[in-house]
Amino acid sequence: MKWERFVRPRAYLPGPVGPAPPAPSPAPARPPPAAALDPGVRLPRARTPRRGPTMAKRSSLFIRIVEGKNLPAKDITGSSDPYCIVKVDHEPIIRTATVWKTLCPFWGEEYQVHLLPTFHSVAFYVMDEDALSRDDVIGKVCLTRDTLATHPKGFSGWAHLTEVDPDEEVQGEIHLRLEVVLGTRACRLRCSVLEARDLAPKDRNGASDPFVRVRYNGRTQETSIVKKSRYPRWNETFEFELEEGAAEALCVEAWDWDLVSRNDFLGKVVFNVQRLRAAQQEEGWFRLQPDQSKSRREEGNLGSLQLEVRLRDEMVLPSGCYQPLVQLLCHEVKLGTQSPGQLILLIEETTSTECRQDVATTLLKLFLGQGLAKDFLDLLFQLELGRTSEANTLFRSNSLASKSMESFLKVAGMRYLHGVLGPIIDRVFEEKKYVELDPSKVEVKDVGCSGLHRPQTEAEVLEQSAQTLRAHLGALLSSLSRSVRACPAVVRATFRQLFRRVRERFPSAQDENVPFIAVTSFLCLRFISPAIMAPKLFHLRERHADARTSRTLLLLAKAVQNVGNMDTPASRAKEAWMEPLQPTVRQGVAQLKDFITKLVDIQEKEELDLQRALSLQAPLVKEGPLFIHRTKGKGPLMSSSFKKLHFSLTTEALSFAKTPSSKKSTLIKLAHIRAAEKVEEKSFGSSHVMQVIYTDDAGRSQTAYLQCKCVNELNQWLSALRKVSINNTGLLGSYHPGVFRGDKWSCCHQRDKTDLGCDKTRSRVTLQEWNDPLDHDLEAQLIYRHLLGVEATLREKHRQLSAGPEAGPVLTGPGGGRCFPPEPPFGDGGWGLPPRGPPAFQTGATLPALPSSCICLQPPRTQWPSCSRYCRTSGRPIGPAQLAPPPWSPATSWSCRHEAAPHNMLSPARFQAELPTTQDAAFFLEATWKKERDRRDSCLPSVQIGLEPTRLGL
């Protein structure tokens with residue numbers, strides 16, 4: 001372990017200490033004009049940060065909880081009602097739906113969580129839900145960050161559930177000061193136990209009664225007990241005689257005191273005394289570790305859990321660093337198929353099936369932010385039509401066009417889907433009728449009895465089921481027909497382009513239905529039908545459907561697919577038992593064609609008018625019922641209550657009303673929010689309460705307490721509030737997870753109401769949602785990383801293009817010179833995307849506008865320039881040599897970018913000068929972008945970030 005000395009931090013400061021050194025700022029990436037933004041995409045856009053450009057490491061977890069098998073029975077019926085709780089560093093962030101009465105549940109739920117890069121582990125707890133008692137714990141699967149880092153493509157497969165040992169369920173950190181005091185006779189070891197935070201709640205009231213036990217060389221000393229607190233402060237000091245040559249370690253243990261039962265273990269930290277003697281003094285926050293000394297008991301069969309977990313770390317730089325790459329992609333889209341290079345086609349050809357969905361979503365969001373989503377999709381339509389010869393195979397493959405359109409509809413049309421489909425789905429769930437059209441699957445015993453206790457016949461069951469499905473299908477088609485004006489303008493304009501392109505490609509009379517089928521292949525088959533079959537995955541319901549409701553939804557989705565296929569003979573012959581629905585299907589085809597005709601009938605002027613109207617409205621981020629805390633009385637006798645109101649969060653304010661249709665009143669202006677965090681369970685007797693800390697118009701700090709109904713709703717609201725306020729000035733670095741009741745804080749028992757918080761805020765911990773604010777820098781970084789991953793393929797493409805006249809035209813720049821040397825250097829430089837370093841230093845230099853592939857060669861690297869700062873890990877200068885010729889340069893002469901940087905890029909020296917310095921930024925993040933390129937003598941610049949200077953992970 002590397003020991004370092006730190007000044008004791010009293011709190012987490014929200015901003016830099018003192019004024020930042022003056023430094024010239026780079027030319028930021030110009031946002032698209034208001035008229036260029038896509039109308040109808042009501043995604044909140046992150047507000048422009050007021051800080052200088054910074055580089056930040058972002059970590060995200062993709063989680064897919066597939067299913068479980070062979071779970072033990074926890075109920076007297078011989079079954080269980082399992083669900084999963086996902087915890088990151090013991091903090092619950094996700095709860096799956098409960099699957100009732102099964103030992104082999106299927107969830108199929110996907111989540112993406114954005115985290116701090118310093119997280120340690122993610123754990124999956126399988127629970128059994130009980131209505132009358134506390135839920136039973138079945139088992140857990142724990143994956144550490146180190147384990148996930150060893151799986152670049154993610155962990156995927158079955159994992160055995162292990163027993164939950166209370167001595168291993170530890171969390172939190174402890175603040176210690178250790179020093180060796182020299183004496184005349186012997187040295188003494190002094191251990192000061194200062195405070196702790198975020199300890200595990202061991203009591204039923206959601207708190208603990210912690211004390212600390214310090215053991216060394218056979219002696220044990222204990223602190224006082226702090227009652228009902230997970231954030232105790234002791235400030236007690238203990239001394240031990242330090243014997244020369246003693247090899248015993250110093251052990252600091254935290255315990256929860258119990259009056260009747262045995263004390264509960266809260267965690268421990270073990271120190272090497274010899275290293276302490278050499279360091280003389282050490283102070284900091286130390287992460288509590290579980291007790292691994294006990295031998296593990298033989299475990300029974302607790303079942304298995306199938307998971308897919310993928311960790312992604314990205315170093316995201318200022319917007320100006322990605323400007324050349326973004327401009328390059330936008331230029332290709334604007335040129336469309338007239339571009340001789342067709343970079344988008346090249347990206348599709350080099351994208352594997354496994355990552356095509358991710359690439360499509362990333363590209364789509366990038367072009368949405370640039371106002372070019374419609375043009376991007378139109379280009380994909382043309383490319384797809386150009387290689388399609390048969391009309392019946394159009395858009396049937398998992399091409400980049402299909403995947404991009406799927407993502408587009410989810411991002412731009414999800415709210416529209418909820419308005420059209422939501423009432424029908426709710427009716428199906430509420431009725432819970434038995435519906436079956438397949439005679440081979442009819443079970444009369446499941447449908448009960450009709451009048452006079454006479455069992456229903458199979459024919460009656462089939463007729464009743466057909467009537468139910470006809471009613472649901474008719475209601476859905478009617479709702480769809482009335483929704484033309486409610487459909488977002490950008491969706492309508494995109495379908496208009498699709499309709500026109502397909503009609504131009506297949507103009508014959510026998511293909512008159514092909515343009516309609518092209519639209520329904522996305523609208524019905526890839527959007528509405530999947531939402532009907534899995535409403536929870538589209539946020540239409542909070543729970544999965546039971547077996548009976550699932551069958552009804554499946555049959556309804558099949559009927560919608562038949563309508564979307566325009567009732568072709570092939571669809572009728574596939575499942576003959578769907579014949580009772582044919583009259584409604586034929587009527588629905590006529591309704592759907594009329595709907596599509598009106599949908600695509602949108603002119604450019606109408607599109608711009610809708611855009612201007614929407615630009616005047618603050619986009620809705622989230623809405624729903626919450627309970628707001630009301631305080632009655634003063635002093636120690638005050639009481640609390642919660643009142644139910646309907647809340648709405650936009651990019652301007654958090655508002656409330658008595659009902660969804662009532663007039664809204666502003667509660668908190670968005671720019672005044674300073675933190676959105678959870679409240680500990682003991683404060684209000686509920687673990688689903690959050691607090692929004694803000695300043696009022698007079699500048700006074702205020703706190704609003706809001707209660708949610710479940711952990712998912714709590715984390716969704718916290719995520720929404722954190723995302724829309726992430727760029728606010730004055731964000732807090734610490735907060736109190738309790739409430740100030742009487743004359744002290746309930747969490748740390750401090751009596752000063754203005755005292756700095758006892759826990760750190762988690763403003764970067766969020767859940768990804770379909771209506772997230774667009775993050776242009778992150779999307780550009782993901783595209784950069786993807787292109788870097790297919791470097792070898794791009795290199796081969798370039799060699800084919802530059803091989804000679806037989807392979808294609810020679811690429812020239814505006815001045816007529818060759819854009820690239822005839823033979824690419826394959827040494828340190830390599831071809832295509834830069835093999836080393838982040839795009840802040842490489843993208844502008846190595847992605848000039850090559851008309852054929854938009855990729856250029858990188859010439860051999862020059863020598864390291866003079867630099868005043870060096871990497872602490874490698875000892876080399878910070879930042880690689882930067883090569884930045886103009887995009888049209890013949891590449892005959894190259895200069896170091898450290899000496900002369902382009903006006904729109906950050907040089908390493910300027911970049912380092914503009915990094916913010918905070919009191920808590922005590923170390924740098926130093927890493928390489930790709931491990932296999934370490935031999936190329938490149939190093940990532942050290943970056944200061946706002947993390948606490950703690951010695952964690954001992």
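It should be emphasised that the depicted structure is a prediction, and the values quoted were computed from it without experimental measurement.

**Overview of the overall build of the chain**
So, step 1. Counting its regular elements, the chain contains 20 helices and 30 strands.
So, step 2. Considering the chain as a whole, with its 954 residues, one finds that 53% of them fall into the buried category.
So, step 3. Pairs at least 24 residues apart make up 70% of the contacts formed inside the chain by residues separated by at least 6 positions.
So, step 4. Accessible surface computed for the chain: about 43200 Å², of which carbon and sulfur atoms make up 51%.

**Some thoughts on the pattern of salt bridges**
So, step 1. One pass over the full model with this rule turns up 37 salt bridges.
So, step 2. Ionic pairing is found between arginine 722 and glutamate 677, a salt bridge with its closest N-O pair at 3.0 Å. Residue arginine 722 is found in helix H16 (residues 711-724), and its partner glutamate 677 is found in strand S21 (residues 673-678); the two are separated by 45 residues along the sequence.
So, step 3. Under the relative-accessibility criterion, glutamate 677 is labelled buried at 1%.
So, step 4. Through salt bridges with shared partners, a single network forms among Asp198, Arg230, Glu680, Asp759 and Arg762.

**Looking at the pairing of strand S4 (residues 106-115)**
So, step 1. For S4, a buried count of 8 out of 10 residues is recorded, marking the element as mostly surrounded by other parts of the structure.
So, step 2. Sheet topology note: the strand S1 (residues 56-69)/S4 ladder contains 8 bridges and is antiparallel. Looking at S4, one finds that serine 60 is bridged to histidine 114.

**Thoughts on the confidence of the model for the chain**
So, step 1. Per-residue confidence for the chain averages 75 on the pLDDT scale, and 73% of its residues sit at or above 70.
So, step 2. Segment residues 1-53: pLDDT under 50, and 143 contacts once partners within four positions in sequence are set aside and those in other chains are kept.
So, step 3. Confidence drops under pLDDT 50 across residues 805-954; counting only partners more than four residues distant or on other chains, this segment forms 342 contacts.

**Considerations on the sheet that holds strand S15 (residues 281-287)**
So, step 1. One open sheet accounts for 4 strands, arranged S12-S9-S8-S15; its pairing is antiparallel. Of all strands in the sheet, those bounded by a partner on one side alone are strand S12 (233-242) and S15. Within the sheet, the average angular offset between the axes of one strand and its neighbour, ignoring direction, is 20°.
So, step 2. Of the strand pairs in this sheet, strand S8 (residues 173-181) and S15 are connected by 7 bridges, and their pairing is antiparallel.

**Notes on the nonpolar core**
Most often, soluble globular proteins have nonpolar side chains that are buried together.
So, step 1. Of all hydrophobic cores here, the largest spans 105 residues; its most connected members are Phe367, Phe495 and Ile532.
So, step 2. Tallying contributions element by element places helix H7 (residues 400-431) first for this core, with 16 residues.
So, step 3. Once residues within four sequence positions are removed from consideration, phenylalanine 495 is found in contact with Met405, Leu409, Val519, Phe522, Leu523, Leu599 and Val600.
So, step 4. Counting residues in hydrophobic clusters, the runner-up holds 32 residues, among them Cys84, Val86, Ile93 and Val113.

**Observations concerning the sheet that holds S1**
So, step 1. Taken together, 5 strands build an open sheet; the order of strands is S7-S16-S1-S4-S28 and the sheet is antiparallel. The outermost strands of the open sheet, each flanked by one partner alone, are strand S7 (155-160) and strand S28 (766-767).

**Things to note about helix H9 (residues 489-505)**
So, step 1. For H9, built from 17 residues, the straight-helix expectation of 24 Å at 1.5 Å per residue is met to within 8% by its first-to-last C-alpha distance of 24 Å.
So, step 2. Across the 17 residues of H9, 12 count as buried, placing the element largely inside the fold.
So, step 3. Three or more residues of H9 are buried, namely Ala489, Val490, Val491, Arg492, Ala493, Thr494, Phe495, Arg496, Gln497, Leu498, Phe499 and Val502.

**Overview of the packing of helix H5 (residues 356-369) against helix H6 (residues 373-386)**
So, step 1. Between H5 and H6, the least distance of the axes is 7 Å, while the angle of their chain directions is 135°. Judged on the interaxial angle alone, H6 and H5 are oblique. Facing H5, whose interface residues are Leu363, Leu364, Phe367 and Leu368, H6 presents Ala373, Phe376 and Leu377.
So, step 2. When grouped by side-chain class, the residues that make up the contact of H5 with H6 number 7 nonpolar, no polar and no charged.

**Some thoughts on the packing of aromatic side chains**
So, step 1. Across all of its chains, the model carries 12 aromatic pairs by this definition.
So, step 2. Both rings, one in phenylalanine 381 and one in phenylalanine 395, keep their centres 5.9 Å apart while their planes meet at 80°; by these two values the pair is edge-to-face. Residue phenylalanine 381 is found in helix H6, and its partner phenylalanine 395 is found in the loop between H6 and H7; the two are separated by 14 residues along the sequence. Each member of the pair, phenylalanine 381 as well as phenylalanine 395, carries the same accessibility label: buried.
So, step 3. Through successive ring pairs, a cluster of aromatic residues spans Phe381, Phe395 and Phe522.
So, step 4. Residue placement shows arginine 95 over the ring face of tyrosine 83; its charged tip is 3.7 Å from the ring centre.
So, step 5. The ring of phenylalanine 429 has arginine 541 lying over it, and the distance from NZ or CZ to the ring centre is 4.4 Å.

**Observations regarding the environment of leucine 462**
So, step 1. Its location among the elements puts leucine 462 in helix H8 (residues 458-481).
So, step 2. Along the sequence, leucine 462 and proline 580 sit 118 residues apart, while their C-alpha atoms lie 8.9 Å from each other.
So, step 3. If near-sequence neighbours (up to four positions away) are discounted, leucine 462 is found in contact with Glu436, Leu437, Pro439 and Val442.

**Points about the pairing of strand S22 (residues 689-695)**
So, step 1. Burial analysis of S22 places 7 of its 7 residues in the buried class, which makes it a mostly covered element.
So, step 2. With burial as the criterion, each face of S22 is covered, one bearing Val689, Gln691, Ile693 and Thr695 and the other bearing Met690, Val692 and Tyr694.
So, step 3. Relative to S22, S21 runs antiparallel, the two being bridged by 5 bridges. Its bridge partner being in S22, isoleucine 673 is matched across the sheet by tyrosine 694.
So, step 4. Inspection of the sheet shows S22 paired to strand S23 (residues 701-707) by 7 bridges, in the antiparallel sense. Across the sheet, residue threonine 695 finds its bridge partner in S23, namely serine 701.
So, step 5. Taking the residues between adjacent antiparallel strands as the criterion, S22 and S23 are bridged by 5 residues, where glycine 699 takes a positive phi near 90°.

**Let's talk about the packing of helix H11 (residues 547-564) against helix H13 (residues 582-599)**
So, step 1. Axis separation between H11 and H13 bottoms out at 8 Å; the angle between their running directions is 55°. Relative to H13, the element H11 is oriented oblique. Handedness of the H11/H13 crossing: right-handed. The segment H11 lies against H13, with Asn562, Val563 and Gly564 engaging Val585, Gly588, Val589 and Leu592.
So, step 2. In the contact of H11 with H13, the residues fall into 4 nonpolar, 3 polar and no charged.

**Focus on the environment of tyrosine 216**
So, step 1. As for its position among the elements, tyrosine 216 is in strand S10 (residues 210-216).
So, step 2. For tyrosine 216, a relative accessible area of 1% translates into the label buried.

**Comments concerning H5**
An α-helical turn contains 3.6 residues, so a residue and the one three or four places further along point in the same direction.
So, step 1. Its 14 residues place the ends of H5 20 Å apart at the C-alpha level, agreeing with the 20 Å of an ideal helix rising 1.5 Å per residue.
So, step 2. Of all 14 residues that make up H5, 11 are buried, and the element is covered over most of its length.
So, step 3. Buried residues of H5: Arg356, Val359, Ala360, Thr362, Leu363, Leu364, Lys365, Leu366, Phe367, Leu368 and Gly369, and no others.
So, step 4. Its buried side turned inward, H5 meets helix H3 (319-335), helix H4 (343-349), H6, H7 and helix H17 (776-789).

**What about the side chain of lysine 536?**
So, step 1. When you line up the elements, lysine 536 lands in the loop between helix H10 (514-533) and H11.
So, step 2. Residue classification places lysine 536 among the buried positions, given a relative accessible area of 13%.
So, step 3. Here glutamate 109 takes part through its side chain, which lies 3.2 Å from a polar atom of the side chain of lysine 536.
So, step 4. If we skip the residues at most four places from it in the chain, lysine 536 touches Ala97, Glu109, Tyr111, Arg541, Glu542, Arg543 and His544.

What counts, and at which threshold
Residues numbered from 1 in each chain as written. Predicted model: local features only at pLDDT ≥ 70, side-chain atom pairs only at ≥ 80, totals over all residues. Heavy atoms only, no water. Helix = DSSP H or I, 4+ residues; strand = E, 2+ residues; numbered from the N terminus. Buried < 20%, exposed > 50% of the residue type's maximum accessible area, 1.4 Å probe, protein only. Contact = heavy atoms within 4.5 Å. Areas by Shrake-Rupley, 256 points an atom, 1.4 Å probe, with all protein chains shown as cover. Salt bridge = Lys/Arg side-chain N within 4 Å of Asp/Glu carboxyl O. Pairing = 2+ DSSP bridges. pLDDT = per-residue confidence, 0-100. Axes fitted to C-alpha atoms, helices over the stretch in contact; angles between N-to-C directions. Core = buried A, V, L, I, M, F, W, Y, C linked by side-chain atoms within 4.5 Å. Expected span 1.5 Å × (residues − 1). Parallel < 35°, antiparallel > 145°, perpendicular 65-115°, else oblique. Nonpolar A, V, L, I, M, F, W, Y, C, P; charged D, E, K, R; others polar. Phe/Tyr/Trp six-rings, centres within 6.5 Å; stacked < 30°, edge-to-face > 60°. Lys NZ or Arg CZ within 6 Å of the ring centre and 35° of its normal. Left-handed = near helix turned anticlockwise from the far one by under 90°. Polar contact = N/O pair within 3.5 Å; in protein donor to acceptor, adjacent residues only side chain to side chain.

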